[in-house]
Amino acid sequence: MAAEVRPRLTVLSGPSGVGKSTVVAHMRKVHPEVWLSVSATTRKPRPGERHGVQYFFVSDEEFDKLVANGELLEWAEFAGNRYGTPRQAVLDRLAAGEPVLLEIDLQGARQVKESMPESRLVFLAPPSWDELVRRLTGRGTESAEVIERRLEAAKVELAAESEFDTTLVNTSVEDVARELLALMSVA
Ligand SMILES: Nc1nc2c(ncn2[C@@H]2O[C@H](COP(=O)(O)OP(=O)(O)O)[C@@H](O)[C@H]2O)c(=O)[nH]1
Ligand SMILES: Nc1ncnc2c1ncn2[C@@H]1O[C@H](COP(=O)(O)OP(=O)(O)O)[C@@H](O)[C@H]1O
């Protein structure tokens, strides 16, 4: 039997504030055909975020239903909110032979590796801890308390870097976006 050739699922993870969204946005500006899964979350939208674009913003009850109905490929609680990847859209893209990108946290990355071992896990690392703090604080979207929680989570995530297949250091958004596209065989 011929080996099955399945398109790769790429997972991008890294601490809050490292620049995941910025890198993905740049990548999609250059290659709009790259498909990024839109997650469901119980977090409240930040100014400028829109339902169905950055996230599907749902209530706790709606999230419970998604979990109960098996509609999420993976999900996790992160800094007091829940986040999950809608399963069907991902499976549809993979079945169509299109590359798929998930931007999810460490716990989600581990679940995906478990259920889809052929997926590639990419860790986005900051140039330094101080730079991570500067970026997260400088973004200005979270309260001091929320920043503190995210920095606690960041320590755990940075300690798990070796679980990933590849590490990219986010010094230059353009360079990282190019490297990520190459890993996904898009460019
Ligand atoms: N497990 C999991 N994590 C997710 C999902 N969507 C987003 N995340 C992660 O949740 C964390 C918080 O995301 P967000 O509140 O948007 O903050 P930001 O990453 O600082 O912009 C980040 O690590 C995201 O990668 C998802 O569907 N599943
Ligand atoms: N390579 C970079 N150099 C300098 N600042 C960056 C870089 N990448 C992202 N940033 C800035 O860092 C902050 C956090 O980036 P963001 O994409 O929101 O992170 P994440 O999605 O990982 O939480 C933003 O203000 C963004 O403009």
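Residues numbered from 1 in each chain as written. Chains lettered and ligands numbered in written order. Predicted model: local features only at pLDDT ≥ 70, side-chain atom pairs only at ≥ 80, totals over all residues. Heavy atoms only, no water.

Definition in use: UniProt positions are given in the numbering used here, feature names are shortened, and annotations may be inferred rather than shown by experiment.
In the annotation of an unreviewed UniProt entry, the entry for the protein chain reads Guanylate kinase, and the organism field reads Streptomyces corynorhini. Of the protein chain, the UniProt comment under Catalytic activity (unreviewed entry) reads exactly: "GMP + ATP = GDP + ADP".

Description of the UniProt feature "binding site: ATP" (unreviewed entry) in the protein chain
Rules: Here a cavity denotes grid points, spaced 1 Å and computed from the protein atoms alone, that fit a 1.4 Å probe unable to get out, and a pocket denotes an open set having protein on both sides within 12 Å along at least 5 of 7 lines; residues with an atom within 4 Å of a point are the lining. Helix and strand definitions here come from DSSP, where helices need a minimum of 4 consecutive H or I residues and strands a minimum of 2 consecutive E residues; each element is numbered from the N-terminal end. Here the term buried applies to any residue with accessible area under 20% of the maximum for its type, exposed to any over 50%, and partly exposed to those in between, with areas from a 1.4 Å probe on protein chains only. Contact between two residues is taken to exist if any of their heavy atoms lie within 4.5 Å; hydrogens are not considered. Under this definition, polar contacts are N or O atom pairs within 3.5 Å; protein pairs additionally need one hydrogen-donor-capable and one acceptor-capable atom, and for neighbouring residues in sequence, both atoms have to be side-chain atoms.
Sequence positions flagged by UniProt for "binding site: ATP" (unreviewed entry) are, in local numbering, G14, P15, S16, G17, V18, G19, K20 and S21. Of the annotated positions mentioned, G14, P15, S16, G17, V18, G19, K20 and S21 line the largest pocket. Secondary-structure assignment places G17 in the loop between β1 (9–13) and α1 (20–30). Since its relative accessible area comes to 13%, G17 is described here as buried. Beyond its immediate stretch of four places on either side in the chain, G17 contacts L132, R135, L136 and R139. Within the element layout of this structure, K20 appears in helix α1. Relative accessible area serves as the criterion here: at 12%, K20 is assigned to the buried category. Setting aside residues no more than four positions away along its own chain, K20 makes contact with L12, S13, G14, P15, E103 and L124. A distance of 3.0 Å separates a polar side-chain atom of K20 from the backbone oxygen of G14.

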